[in-house]
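Overview (structure and organization)
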Amino acid sequence: MATHTYDLEKQHAKGKLHAIERIGKLCDKDSFCELYSAAHHQCTAFGMDKKEIPYDGVITGFGTINGRTVAVYAQDFTVQGGSLGKVHGQKIAELISKAIEARCPVIGINDSGGARIQEGVDALCGYGDLFYQNVRASGSVPQISIIAGPCAGGAVYSPGITDFIFAVDKISQLFITGPKVVKSVMFMDITAEELGGVAIHSQKSGVAHYRFDDEDSCYESVRRLLDYIPHSYGEKPQARKFKFDAHKKAKAIGSILPEKSMQAYDMRQVISCVTDDDSFYELMPEFAPMAVVGFATIEGKTVGIVANNPAGIGGFLNCDSSDKIARFVRYCDSFDIPLVTFVDVPGFIPGPEEEQKGIIRHGAKVIYAYSEATVPKVTVITRKAYGGAYIAMCSKHLGADFVYAWPKAEIAVMGAEGALEILYAKQMKDPAQAQFVAEKSDEYRRTVMTPLVAAQHNYVTEIIEPEETRARVARSLAFLADKQQSTAPAKKHGNIPL
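These notes cover the structure that comes with them. The residue numbering used here restarts from 1 in each chain and proceeds along that chain's sequence as written. Selection of residues for local features in this predicted model requires a pLDDT of at least 70, selection of side-chain atom pairs for listing and counting requires 80 or more, and totals for whole chains, interfaces and linings are taken over all residues. Excluding hydrogens and water, the side-chain figures rest on all heavy atoms present in the structure.

This part covers the sheet that holds strand β2 (residues 58–65). Read across the sheet, 7 strands follow the order β1-β2-β3-β4-β5-β7-β9 without closing on themselves; strand pairing throughout is mixed. A strand with exactly one partner marks an edge of an open sheet, and here the two such strands are β1 (33–35) and β9 (210–212). In this sheet, adjacent strand axes meet at a mean angle of 25° when their direction is disregarded. Each pair of strands is called paired provided DSSP finds at least two bridges between the two strands. Segments assigned H or I by DSSP are reported as helices when at least four residues long, segments assigned E as strands when at least two residues long, and all are numbered from the N terminus. The pairing of β1 with β2 spans 3 bridges and is antiparallel. Bridge pairing links Cys33 to Phe62 in β2. Across the face of the sheet, helix α9 (residues 215–228) comes into contact with β2, β3 (68–75), β4 (106–110), β5 (143–147), β7 (164–168) and β9 while running at roughly 160° to β7. Lines fitted to C-alpha atoms define the axes, with helix axes restricted to the stretch in contact, and inter-axis angles between N-to-C directions lie between 0 and 180 degrees. By definition, residues are in contact when any of their heavy atoms lie within 4.5 Å.

Before going further, it helps to spend a moment on the packing of aromatic side chains. When the centres of two rings from Phe, Tyr and Trp lie within 6.5 Å, Trp using its six-membered ring, the rings pair. Their planes under 30 degrees apart give stacked, over 60 give edge-to-face, and anything left gives tilted. Applying the stated criterion to the full structure yields 13 aromatic pairs. Centroid distance Tyr210 to Phe212: 5.0 Å. Interplanar angle 20°. Geometry classified as stacked. Burial classes: relative accessible area under 20% of the type maximum marks a residue as buried, over 50% as exposed, and values in between as partly exposed (1.4 Å probe, protein chains only). On the basis of relative accessibility, which here comes to 29%, the residue Tyr210 falls in the partly exposed class. With a relative accessible area of 7%, Phe212 lands in the buried category. Ring geometry for Phe295 and Tyr331: centres 6.1 Å apart, planes at 70°, overall edge-to-face. Of this pair, Phe295 sits in strand β11 (residues 291–298) while Tyr331 sits in helix α12 (residues 319–334); the two residues are 36 residues apart in sequence, bridging distant segments of the chain. Aromatic ring contacts, followed pair by pair, group Phe164, Phe295, Phe328, Tyr331 and Phe335 into a single cluster. Over the ring of Tyr228 we find Arg240, and its NZ or CZ is 4.8 Å from the ring centre. Over the face of the ring belonging to Phe244 we find Arg470, whose NZ or CZ atom lies 3.8 Å from the ring centre. Throughout this description, the term charge over a ring refers to an Arg CZ or Lys NZ atom that lies within 6 Å of the ring centre and within 35 degrees of the ring normal.

Only buried residues count toward a nonpolar core, which is a set of Ala, Val, Leu, Ile, Met, Phe, Trp, Tyr and Cys residues joined through side-chain atoms within 4.5 Å. Residues Phe295, Ile325 and Tyr370 are the most contacted members of the largest nonpolar core, which totals 76 residues. Counting 27 residues, the second largest nonpolar core, distinct from the first, contains Ile253, Leu257, Tyr265 and Met267.

Take the packing of helix α16 (residues 416–423) against helix α18 (residues 434–449) next. Relative to each other, α16 and α18 sit at 120°, their axes nearing to 10 Å. Two packed elements cross with a definite hand, and for α16 against α18 that hand is right-handed. Of the residues in α18, those in contact with Ala416, Ala419 and Leu420 of α16 are Val437, Lys440, Ser441, Tyr444, Arg445 and Met449. The residue makeup of the contact of α16 with α18, split by class, is 6 nonpolar, 1 polar and 2 charged. What makes a crossing left-handed is the near helix being turned counterclockwise from the far one by less than a right angle; a clockwise turn instead makes it right-handed. Lys, Arg, Asp and Glu make up the charged group, whereas Ala, Val, Leu, Ile, Met, Phe, Trp, Tyr, Cys and Pro make up the nonpolar group; the residues left over, Gly among them, are polar.

There is a patch of like negative charges on the surface, built from Glu462, Glu465, Glu467 and Glu468. Structurally, Glu467 can be placed in the loop between β17 (462–463) and α20 (469–479). Here Glu467 falls in the partly exposed class, since its relative accessible area comes to 43%. Patch members must show over 30% relative accessible area and no salt bridge, and they are joined within 9 Å when carrying like charges or within 5 Å when they are nonpolar side chains of Val, Leu, Ile, Met, Phe, Trp or Tyr. Accessible surface is estimated by sampling points in the Shrake-Rupley manner with a 1.4 Å probe; for residues, cover comes only from the protein chains shown. Here a salt bridge means any side-chain nitrogen of Lys or Arg lying within 4 Å of a carboxyl oxygen belonging to Asp or Glu. Charge convention: Lys and Arg are scored as positive, Asp and Glu as negative, and His as well as the terminal groups of each chain are ignored. Charge placement uses NZ in Lys and CZ in Arg. For Asp and Glu, CG and CD serve respectively.

In this section: the state of the cysteines. Whenever a pair of cysteine sulfur atoms sits within 2.5 Å, that pair is classed as a disulfide. Under the counting rule described, the total for this entry stands at 0 disulfides. For Cys27, which is in no disulfide, the shortest distance to another cysteine sulfur is to Cys104 and amounts to 11 Å. Free of any disulfide, Cys218 has its nearest neighbouring cysteine sulfur in Cys27, separated by 13 Å. Classification of Cys218 as buried rests on a relative accessible area of 0%.

Okay, the pairing of β2 next. Burial within β2 is extensive, with 6 of its 8 residues counted as buried. Note: β2 against β3, 8 bridges, orientation antiparallel. In the sheet register, Gly61 faces β3, and the bridge partner there is Val72. Connecting β2 to the antiparallel partner β3 that follows it, the hairpin turn spans 2 residues, and Asn66 within it adopts a positive phi of roughly 55°.

A few words on a nonpolar patch on the surface. On the surface, Val181, Val185, Met186 and Met188 cluster together into a nonpolar patch covering about 370 Å² of accessible area. Structurally, Met188 is set in the loop between α6 (179–186) and α7 (192–196).

Once that is clear, we can look at the pattern of salt bridges. The full count for this structure, using the stated rule, is 21 salt bridges. Salt-bridge contacts for Arg211 lead to Glu286; the nearest nitrogen and oxygen are separated by 2.8 Å. In this pair, Arg211 sits in strand β9 while Glu286 sits in the loop between β10 (281–283) and β11, placing the two residues 75 residues apart along the sequence. Exposure remark for Arg211: the relative accessible area of 22% places this residue in the partly exposed category. On the basis of relative accessible area, Glu286 is assigned to the partly exposed category, the value being 30%. A salt bridge links Asp266 to Arg268; its shortest N-O distance comes to 3.2 Å. Ionic contacts of the salt-bridge type, sharing partners, join the residues Lys16, Arg22, Asp111 and Glu215 into one network.

What follows is the structure, given as structure tokens:
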């Protein structure tokens, strides 16, 4: 690595680590090798010809994480505010291009004031080169963005293209325009934290996949993530050692479902009982809590977990949860990670608010993502699976390889009460018809909603006891390990309802 003088104190005064310290925390000890260290800007306007900007404000290179090669760049806010000019952008773009060729992940640590205004269109060129390489790398190698400072204007779009965005409380912000511009254009007083702080993006916008209390825990989490995912398209990760307390988990899974079908429970309990002990790595835990996504291992092999969560607004699908699921499914399919889906969904959430936000378009993304995915797909219906949401959550109709249902599963257009309100509206309003309504409700449950009907039509592969779930899923994934699916009809690519 080239020898530089780093202004660590400036960053420490802001409660932040310096770019070189961040790389040291992220990579294995003494493994980082810097590239393009002598890069120099070519701008002469506004006194730039007299400014020395070491490594043009961004440290780029490669190293190892857990012994495996990664490409890393870290913007240095102490050097011209980490601003991006043409050379700065080209350095990162070149690094990503080399990472594609070397078939290794790219990790970017973002801490920049945005475009270098003095460079004008050349700064925009730097961003454009970077965005282009981000898109080229998508689906070829994993791209991880760490937001460790301000990220404004054009700077937000590179992270927005990447696969995972991690941010740190109190030091990270992302916004298209900062508070000053908002005030001048919209006459609104707002702080950077209120406009684009980590809480906003981890809870409301869904831009950030995870937020951390401090930088150390962020870098440690990135290191852990890289143990789950393939490091390039086509790579088959080796199975890892695992622990699974079969007796304890079998006892636990049998008691998860509440007695009443309307009562909530946390689907993470089911996930814990099916996946290897302590292996679930959840993503976006604060955003759209009615859905749960993340990576785990089953018998030491990585799988992508998607689940409805009744503990979060009943597990309904809405615009946000649909986006969360669809994006994750597409990532897993891009890198050949098998999908295990746990279903307990009463439907797409009704009402004018979600309709106006475009629930039709957002919900269609889930259908599209699952239908397009060719990886092994195993679905477990634990309880409710109603209407279009049943179809969308990786049903047999969207190409699930195996669909298992627990005995208490309810698979129908809608629940019994809603059905009777349509079929027997008059009788439902007449107290004298209470016995008749009760009989029809029982009939509907026995003849329509039971998973046996779906099994008889080959829509459910097997009805299984909760205690059997782990073994069934594991054996199914083993059977599907070398799955090959015929390609789609001749076309350039489909048109996902973005």
